[in-house]
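Structural features, examined
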Amino acid sequence: MKSDFLFVNAHKTHFLKFGQGEKLLIAIHGFADRARMFAVLEKYLTEKYTVIALDLPFHGQTEWQSDTFSKAEILEIIHQILEKEGKQKFNFMAFSFGARIAQAMLPELAERIEKLYLLAPDGIKTKGMSAANHTPIWLRRLLFRLLKNPNWFLKLLKFGSKIHVVPAMIQTFLSLNLSRPDRFRRTFGCWLSLPDFYLGRRKIQAIYQKTGLPVEIFFGEKDEMIHFKSLQKMSDKLPNMKIHVLDTGHRIVGEELGKLLVK
């Protein structure tokens, strides 16, 4: 497995490369993960694919200089990989928040993707994401400034959870992701960038219908984050989309997934 970097503007994007297959597969992880999460799939993918797994901005060993990242910047990273590997087309694998990013780029990339693998995908319908998606950008920026010293807010969250005003899941998530400067930057970096990676469910479905892009979705039956009925409803309308249900939760990247990928 090789570790290397790509450069976009002043940013240094880390990636891992493994496999000797003829086909190229680009993989992007979810929120608070990193490229190395795909290492467990190496023995299953190595013969068919050459895999390049990226560390997203604010994650892993990627060094991102600004407070946000854009679709144009992620597209530039993808284009650099294709040029570097001498490929016109590629396969795309994306987990959770990474699947939101991948699907947002479909208008630009669909014609170049051979197959799309969506793992526990955010971006179609995710429980608890409505408020995050619809918070006005001005309010996000205001909170970014107000919460740089988040101790007062974390105490307020804890009290809110104690009196059952703040859901325990929200309190746990925010306490974990605002308590350290690197996690704070990662959380707000993704949240402030989110509007650039919004593509409505109907538009996503229209792209799948128009292009006939082969899509395989892998869903954990114990997943409490992804709304399975929305995935199934979309799949029922698309002969080019298949859903595989695994005996796992949201953290779907593992041995069971690897075995399904080589069938």
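Details of the structure are given in the entry above.
Below is a short write-up of the structure.

1. Observations concerning the packing of aromatic side chains
Taken as a whole and judged by the stated rule, the model has twelve aromatic pairs. Their ring planes at 85° and their centres at 6.4 Å tell us that Trp 64 and Phe 69 sit as a pair that is edge-to-face. For the residue pair Trp 64 and Phe 69, the accessibility class agrees, reading buried in each case. Here the basic side chain of Lys 12 rests over the ring of Phe 5, its NZ or CZ set 4.5 Å away from the ring centre. Directly above the ring of Phe 31 sits Arg 186, whose terminal nitrogen or CZ lies 5.2 Å from the centroid.

2. Some points on the environment of Met 169
Inspection of the secondary structure assignment puts Met 169 in helix α8 (residues 168-178). As for Met 169 and Phe 144, which are separated by 25 residues in sequence, their C-alpha atoms are 21 Å apart.

3. Describing a positive patch on the surface
Residues Lys 125, Arg 201, Arg 202, Lys 233 and Lys 237 make up a contiguous surface patch of positive charge. With respect to the secondary-structure elements, Lys 237 resides in the loop between α11 (228-236) and β8 (241-246). Taking the relative accessible area as the measure of exposure, Lys 237 reaches 47% and is therefore partly exposed.

4. Notes on the pattern of salt bridges
Tallied over the entire structure, the rule returns ten salt bridges. In this structure, Arg 100 and Asp 122 form a salt bridge, with 2.8 Å as the shortest nitrogen-oxygen distance. You can see Arg 100 sitting in helix α3 (residues 97-104) and its partner Asp 122 sitting in the loop between β6 (113-119) and α5 (130-134), a full 22 residues away along the chain. Taking the relative accessible area as the measure of exposure, Arg 100 reaches 6% and is therefore buried. Taking the shortest distance from any N to any O, the salt bridge between Arg 180 and Asp 182 comes out at 3.0 Å. We classify Arg 180 as partly exposed; its relative accessible area is 39%.

5. A word on unusual backbone geometry
A positive phi angle is found at Asn 9, which is not glycine, with a value near 55°. Mapped onto the secondary structure, Asn 9 falls in the loop between β1 (2-8) and β2 (11-18). Judged by its relative accessible area of 66%, Asn 9 falls in the exposed class. One non-glycine residue, Ala 120, adopts positive backbone phi at about 45°. Tracing the sequence through the fold places Ala 120 in the loop between β6 and α5.

6. Overview of empty space enclosed by the protein
Empty space among the atoms becomes visible once a probe the size of a water molecule is rolled across them. Scanning the entire structure with this criterion turns up two cavities of 30 Å³ or more. In this structure, the largest cavity occupies an estimated 40 Å³ of space. Lining the largest cavity, in full, are Arg 100, Gln 103, Ala 104, Gly 123, Phe 197, Tyr 198, Leu 199 and Ile 204. Sort the elements by how many residues they give to the lining of the largest cavity and α3 lands first, with three residues. In this structure, the second largest cavity encloses a volume near 30 Å³. Along the walls of the second largest cavity sit Thr 13, Ile 28, Leu 54, Asp 55, Leu 56, Pro 57, Ile 74 and Ile 77, which together make up its complete lining. For the lining of the second largest cavity, the residue count by class is six nonpolar, one polar and one charged.

7. Notes on the pairing of strand β7 (residues 215-220)
Every regular strand shows the same layout, with side chains that alternate between the two sheet faces. Among the six residues in β7, six count as buried, and that is most of the element. Of the two faces of β7, the one holding Val 215, Ile 217 and Phe 219 and the one holding Glu 216, Phe 218 and Gly 220 are both buried throughout. Across four bridges, the pairing between β6 and β7 is parallel. Across the sheet, the residue bridging to Leu 116 is Val 215, located in β7. Pairing of β7 with β8 involves six bridges; the strand directions are parallel. Residue Ile 217 lies in a different strand from β8, and its bridge partner there is Ile 243. In this fold, the crossover linking β7 to β8 by way of α11 has right-handed handedness.

Definitions and cut-offs
Residues numbered from 1 in each chain as written. Predicted model: local features only at pLDDT ≥ 70, side-chain atom pairs only at ≥ 80, totals over all residues. Heavy atoms only, no water. Phe/Tyr/Trp six-rings, centres within 6.5 Å; stacked < 30°, edge-to-face > 60°. Buried < 20%, exposed > 50% of the residue type's maximum accessible area, 1.4 Å probe, protein only. Lys NZ or Arg CZ within 6 Å of the ring centre and 35° of its normal. Helix = DSSP H or I, 4+ residues; strand = E, 2+ residues; numbered from the N terminus. Patch = residues over 30% accessible without salt bridge, like charges linked within 9 Å, V, L, I, M, F, W, Y side chains within 5 Å. Areas by Shrake-Rupley, 256 points an atom, 1.4 Å probe, with all protein chains shown as cover. Salt bridge = Lys/Arg side-chain N within 4 Å of Asp/Glu carboxyl O. Lys, Arg positive; Asp, Glu negative; His and termini not counted. Charge placed at Lys NZ, Arg CZ, Asp CG, Glu CD. 1 Å grid on protein atoms, 1.4 Å probe; cavity = no way out; pocket = protein on both sides within 12 Å on 5 of 7 lines; lining within 4 Å. Points joined across faces, edges and corners; volume = space filled by probe spheres on them. Nonpolar A, V, L, I, M, F, W, Y, C, P; charged D, E, K, R; others polar. Pairing = 2+ DSSP bridges. Right-handed = clockwise from strand over helix to strand, strands pointing away.

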